[in-house]
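Topology and contacts: notes
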Amino acid sequence: MKRYSAFAIAREAVRYHQGWERAWASPVPKKEYDVIIVGAGGHGLATAFYLGKNFGITNVAIIEKGWLGGGNTGRNTTIIRSNYLQDPSAAIYEKARSLYETMSQDLNYNVMFSPRGVMMLAQTEHEVRGYKRTAHANALQGVKTEFITPGKVKYLCPIIEVNGPRFPVLGALWQARGGTARHDAVAWGYARACSDMGMDIIQQCEVTGITQAKGQVTGVETSKGAIKCKKLAMVVAGHCGVLAEKAGFRLPVESVALQALVSEPIKPCMDVVVMANTVHGYMSQSDKGEMVIGGGTDGFNNYTQRGSFHHIEETVRALVETFPMISRLKMLRQWGGIVDVTGDRSPILSKTPLGNCFINCGWGTGGFKAIPGSGWAMAETIAKGEPGALAAPFGLDRFKEGRFIDESVAAGVAH
Amino acid sequence: MLLLTCPNCGVEADETELSAGGQAHLKRFAAGSSDDEFESYLFHRSNAKGVHFERWRHSYGCGKWFLAARDTNTLEVFGTYPAQTPEPPKDLIAAIKKKRPDWKGFAK
Ligand SMILES: Cc1cc2nc3c(=O)[nH]c(=O)nc-3n(C[C@H](O)[C@H](O)[C@H](O)COP(=O)(O)OP(=O)(O)OC[C@H]3O[C@@H](n4cnc5c(N)ncnc54)[C@H](O)[C@@H]3O)c2cc1C
Ligand SMILES: [Zn+2]
């Protein structure tokens, strides 16, 4: 793989950009792999990357039914933060956030990580207490966050109406080192690095069955034929229930639609990410100037990648109340993704009832921020056959034991 | 917009009037059940892509619960029926089978 650099741009400039190579190969599947990962979203690709980087396992295939990064990874609003409440969450999300800081260098691919700061508004007494509690918890966890005053909120983001009629801003939980990154670039960067390590990324190939013998997976049936494997990892987000059914077990997960929308581009007017959980909406401004907007999930099980119109209405209403100046903006695009939601709003990184099969799902509305940390922890689980310290609390056994990692407060709004 | 006819009051309600209540026909397990049974009653869901039986509440209408059969992949509604029905009605199952020949049938 040729490295991307300022020198490479200069070199290609003088030869009419004829020398750029394809970022990743599109190989024909081999008969057998050491590890097959189903799902080439951020989590599947990061898992493959760390299998190679941390454990030297490179006889790996990543199988994707559509195109890589075409699932939730390419559909999300890219908020990155690690100010969760519970210790296991803080550990894995903070690991991920810190890996984002050096991701562009590690992958030699510009993922445009922008630690511009994430602000979660407190607009009720209850929220003030909740976020103060989170700030204290974060201090103990070594995650730098702070509870800030309405004055500081206005200073950091002048376009917020802090004296709104229904829910005046009473303060905010502020994580200065949170931010955003380019979602496609994260998937593309990992894909390029995985391909460079000799891994096979097989797109347009749906896994339709999971072949088993004696409680172990022996391979997968796909739309491009049967492929054998020694270990299998399912990393398919919203479709985890569908795949688990094929493997013969059920998951504590339900899949619902989550939507996002962007406005027409305008001049720079906010350089932080703002989340308003009480009124239920959040917004940031992309580098192109569009306002990137998200809100809540639909209440019912759904696989249509669309979502209901009234949710857009609710989200936009919430944001016009919070940012009155956007009231006359035109919305350009809207889309949806199918998110995999667990009862405690925490993900699943786990062994399964099948000995050599592992699952990573349940990231729901907030797993973009976790991609590198999740890949790191999942690779360890697959390589060693047992979860390490980061993944262990997120096993499926927690539902039997009632040992929940309750993040319904930290994840009160979808993000 | 999703429209469901409430079998309690007969109103064809759109989704803003309704609240989704998750998978229907779950078999309840309580004191005396095994850990596995209790876990699966509380948490494991079919999460089907396709035919799905589910609970709904006509929250901003008559306030009552009812059940519905719906395709989660197309949003087609096959029918609604009273909450007191222990298993999906036979004629509804037959109607779904007709529309979805590949469907494996109702499973708890
Ligand atoms: C609108 C929206 C906004 C969001 N905003 C944020 C945010 O601001 N911050 C944040 O942290 N998170 C956010 N999220 C959540 C985040 O996008 C997801 O948690 C994360 O991208 C999940 O990544 P993944 O790799 O697990 O799944 P995906 O990217 O969905 O990848 C799974 C892949 O598996 C493939 N697949 C499925 N079934 C099969 C099969 N049978 N065979 C082969 N391949 C298969 C799919 O095609 C898909 O490409 C948002 C999500 C949405 C929808
Ligand atoms: Zn009614």
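Time to look at the overall build of chain B. Helices and strands together make up the secondary structure of chain B, namely two helices and six strands. The secondary structure elements of chain B, listed N-terminal to C-terminal, are β-β-β-α-β-β-β-α. Computed over C-alpha atoms, the radius of gyration of chain B comes to 14 Å, within 12% of the 13 Å expected from 2.2 N^0.38 for 108 residues, which places it in the range of a compact globule. In terms of its C-alpha atoms, chain B occupies a principal-axis envelope of roughly 40 × 35 × 20 Å. Going through the 108 residues of chain B one by one, you find that 38% of them count as buried. For chain B, the computed accessible surface area is about 6,000 Å², with 51% contributed by carbon and sulfur atoms. Taken together, the 15 basic and 14 acidic charged side chains of chain B have centroids lying 4 Å from each other.

Turning our eyes to something else, we now look at the site of ligand 1. Residues and elements named next belong to chain A. As a structural note, the neighbourhood of ligand 1 is formed by 38 residues, with Glu 64, Asn 72, Thr 73, Thr 77 and Lys 369 the closest of them. Thr 73 has a polar side-chain atom sitting 2.6 Å from an oxygen atom of ligand 1. One nitrogen or oxygen atom from the main chain of Gly 366 is found 3.3 Å from an oxygen atom belonging to ligand 1. Coverage of ligand 1 by the protein amounts to 97% of the 1,000 Å² it exposes when considered alone. Breaking the shell around ligand 1 down by element, the ones donating at least two residues are helix 2 (42-55), strand 12 (253-263) and strand 16 (331-342). With three residues, the top contributor of residues to the shell around ligand 1 is strand 12. Its residues placed into classes, the shell around ligand 1 shows 15 nonpolar, 18 polar and five charged.

The subject of this paragraph is the coordination of the zinc ion (ligand 2). Residues and elements named next belong to chain B. At this site the zinc ion (ligand 2) is bound by Cys 6 (SG), Cys 9 (SG), His 58 (ND1) and Cys 62 (SG), with donor distances of 2.0 to 2.4 Å. With four donor atoms in place around the zinc ion (ligand 2) and angles of 103 to 116 degrees between them, the coordination shape is tetrahedral. Written as a sequence motif, the donor residues of the zinc ion (ligand 2) are C-x2-C-x48-H-x3-C. Here Cys 6, found in the loop between strand 1 (3-5) and strand 2 (12-14), pairs with Cys 62, found in the loop between strand 4 (51-57) and strand 5 (65-71); they are 56 residues apart in sequence, far enough to count as distant. Take Cys 6: its relative accessible area is 1%, and that puts it in the buried class. Since its relative accessible area comes to 31%, Cys 62 is described here as partly exposed.

Residues and elements named next belong to chain A. Taken together, the side chains of Tyr 4, Ile 9 and Trp 20 define a hydrophobic patch exposed on the protein surface, amounting to about 280 Å² of accessible area. Looking at the element boundaries, Trp 20 is found in the loop between helix 1 (6-14) and strand 1 (32-38). Judged by its relative accessible area of 34%, Trp 20 falls in the partly exposed class.

Looking now at the domain arrangement of chain A. Residues and elements named next belong to chain A. Domain boundaries assigned for chain A yield domain 1 (29-78 + 183-252 + 344-411) and domain 2 (115-178 + 255-342). Computed from C-alpha atoms alone, the centre-to-centre distance between domain 1 and domain 2 is 29 Å. The interface of domain 1 with domain 2 comprises 22 residues on the first partner and 19 residues on the second. Carbon and sulfur atoms make up 53% of the surface buried where domain 1 meets domain 2, a total of about 1,600 Å² over both sides. On inspection of domain 1 and its partner domain 2, the count reaches zero salt bridges. Across the contact surface, domain 1 and domain 2 share 11 residue pairs in polar contact (both at pLDDT 80 or more).

A separate point is helix 8 (residues 240-247) of chain A. All names here are of chain A. In terms of residue burial, helix 8 counts as a mostly covered element, since six of its eight residues are buried. What helix 8 keeps buried is the set Cys 240, Gly 241, Val 242, Leu 243, Ala 244 and Ala 247. Looking at the buried residues of helix 8, the elements they touch are strand 1, strand 9 (207-213), strand 11 (225-234), strand 12, strand 16 and strand 18 (357-361). Directly after helix 8, the chain includes Gly 248, whose backbone phi takes a positive value near 100 degrees.

Time to look at the interface of chain A and chain B. Counting residues at the interface gives 24 residues for chain A and 26 residues for chain B. For the pair chain A and chain B, the summed buried area comes to about 2,100 Å², and 53% of that belongs to carbon and sulfur atoms. Linking chain A with chain B are three salt bridges, by the criterion used here. A salt bridge links Lys400(A) to Asp36(B), with the shortest nitrogen-to-oxygen separation between them at 2.3 Å. Of all elements in the fold, only helix 8, strand 12, strand 15 (291-301) and helix 11 (397-401) of chain A reach the threshold of two or more residues within the side of chain A that touches chain B.

Residues and elements named next belong to chain A. One open sheet accounts for eight strands, arranged 5-6-4-13-14-15-12-16; its pairing is mixed. Edge positions in the open sheet fall to strand 5 (146-148) and strand 16, since each of these has one partner strand only. Averaged over all adjacent pairs, the angle separating strand axes in this sheet is 25 degrees, with direction ignored. Across five bridges, strand 12 lies against strand 15 in antiparallel orientation. Residue pairing in the sheet places Val 256 in a bridge with Asn 301 of strand 15.

Time to look at the sheet that holds strand 6 (residues 77-82) of chain B. All names here are of chain B. The strand order across the open sheet built from four strands is 3-4-5-6, with neighbouring strands paired in antiparallel fashion. Each edge of the sheet is formed by a strand with only one pairing partner; in this case those strands are strand 3 (19-23) and strand 6. Between one strand axis and the next, the sheet turns through 30 degrees on average, direction left out of account. Note that strand 5 and strand 6 share five bridges and pair antiparallel. Paired with Arg 70 across the two strands is Val 77, which belongs to strand 6.

What counts and how
- Residues numbered from 1 in each chain as written.
- Chains lettered and ligands numbered in written order.
- Predicted model: local features only at pLDDT ≥ 70, side-chain atom pairs only at ≥ 80, totals over all residues.
- Heavy atoms only, no water.
- Helix = DSSP H or I, 4+ residues; strand = E, 2+ residues; numbered from the N terminus.
- Rg over C-alpha atoms; globule rule 2.2 N^0.38 Å.
- Buried < 20%, exposed > 50% of the residue type's maximum accessible area, 1.4 Å probe, protein only.
- Areas by Shrake-Rupley, 256 points an atom, 1.4 Å probe, with all protein chains shown as cover.
- Lys, Arg positive; Asp, Glu negative; His and termini not counted.
- Charge placed at Lys NZ, Arg CZ, Asp CG, Glu CD.
- Near = heavy atom within 4 Å.
- Polar contact = N/O pair within 3.5 Å; in protein donor to acceptor, adjacent residues only side chain to side chain.
- Nonpolar A, V, L, I, M, F, W, Y, C, P; charged D, E, K, R; others polar.
- Donors = N, O, S within 2.8 Å, 3.2 Å for Na, K, Ca; no water.
- Tetrahedral: all angles 85-135°; square planar, octahedral: opposite > 155°, others 65-115°.
- Patch = residues over 30% accessible without salt bridge, like charges linked within 9 Å, V, L, I, M, F, W, Y side chains within 5 Å.
- Salt bridge = Lys/Arg side-chain N within 4 Å of Asp/Glu carboxyl O.
- Domains from an automatic or database assignment.
- Contact = heavy atoms within 4.5 Å.
- Buried area = accessible area lost by both parts, 1.4 Å probe.
- Pairing = 2+ DSSP bridges.
- Axes fitted to C-alpha atoms, helices over the stretch in contact; angles between N-to-C directions.

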